[in-house]
Amino acid sequence: MFFSLMMVVRFWFLGVYVPTSTAEVTACMSGISHMKFLTFVLSWITVTLPYTIIAAYAGSISSLDNPKPAILTAVALTSFFWCGWLLLNRYGFRKAVNSEL
């Protein structure tokens, strides 16, 4: 009983809550910054689709006996995005923000 309850809680948190909260924060921030809707949708699709396809494929080829593909993909994707964020902060776009909107 406890195991099945934990599976439901884990599914709800990882499958529903986390993507929803991330999507909500991203949508709110794009609205606050007055981003055009078409730019928002194209940016979202550009980032989300490759990540989703890679993660789904890794999940489809892994199993309970061999979870290695999913684990390695999760580590690789996380490392890739962290390194990209660090490089962008170090060498990337540093423009002054116009606070008079």
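Asker: Explain the overall build of the chain to me, and be specific about the residues and the numbers.
Answerer: For the chain, the helix and strand inventory stands at 3 helices and 0 strands. The proportion of buried residues among the 101 residues of the chain is 7%.

Asker: Which residues make up the packing of helix H2 (residues 37–61) against helix H3 (residues 68–91), and what values do they have?
Answerer: The relative placement of two packed helices comes down to the angle between their axes together with the axis-to-axis distance. In contact at an axis separation of 8 Å, H2 and H3 are set at 160° when each is read in the N-to-C sense. It follows that H2 is roughly antiparallel to H3 by the angle criterion. Residue-level contacts link Tyr51, Ile54, Ala55, Ala58 and Ile61 of H2 to Pro69, Ala70, Thr73, Leu77 and Phe81 of H3. Classifying every residue of the contact of H2 with H3 by side-chain character gives 9 nonpolar, 1 polar and no charged.

Asker: Report on the packing of aromatic side chains, specifying residues and quantitative values.
Answerer: To describe a pair of aromatic rings, you give the distance between the ring centres and the angle between the ring planes. Under the definition given, this model contains 4 aromatic pairs. Ring plane angle 40° and centroid distance 6.5 Å describe the contact between Phe37 and Phe40, whose orientation is recorded as tilted. Residue Phe37 and its partner Phe40 are both found in helix H2; the two are separated by 3 residues, about one turn of the helix. Look at Phe40 and you get buried, because its relative accessible area is 14%. Note on Phe40 and Trp44: the rings are 5.0 Å apart at their centroids and 85° apart in plane angle, and the pair reads as edge-to-face. Pair noted here: Phe40 and Trp44 are both in helix H2, with a separation of 4 residues, about one helical turn.

Asker: Can you break down the side chain of Ser30 residue by residue, with the values?
Answerer: The topology assignment puts Ser30 in helix H1 (residues 2–32). Judged by its relative accessible area of 10%, Ser30 is buried.

About the criteria used
- Residues numbered from 1 in each chain as written.
- Predicted model: local features only at pLDDT ≥ 70, side-chain atom pairs only at ≥ 80, totals over all residues.
- Heavy atoms only, no water.
- Helix = DSSP H or I, 4+ residues; strand = E, 2+ residues; numbered from the N terminus.
- Buried < 20%, exposed > 50% of the residue type's maximum accessible area, 1.4 Å probe, protein only.
- Axes fitted to C-alpha atoms, helices over the stretch in contact; angles between N-to-C directions.
- Parallel < 35°, antiparallel > 145°, perpendicular 65-115°, else oblique.
- Contact = heavy atoms within 4.5 Å.
- Nonpolar A, V, L, I, M, F, W, Y, C, P; charged D, E, K, R; others polar.
- Phe/Tyr/Trp six-rings, centres within 6.5 Å; stacked < 30°, edge-to-face > 60°.

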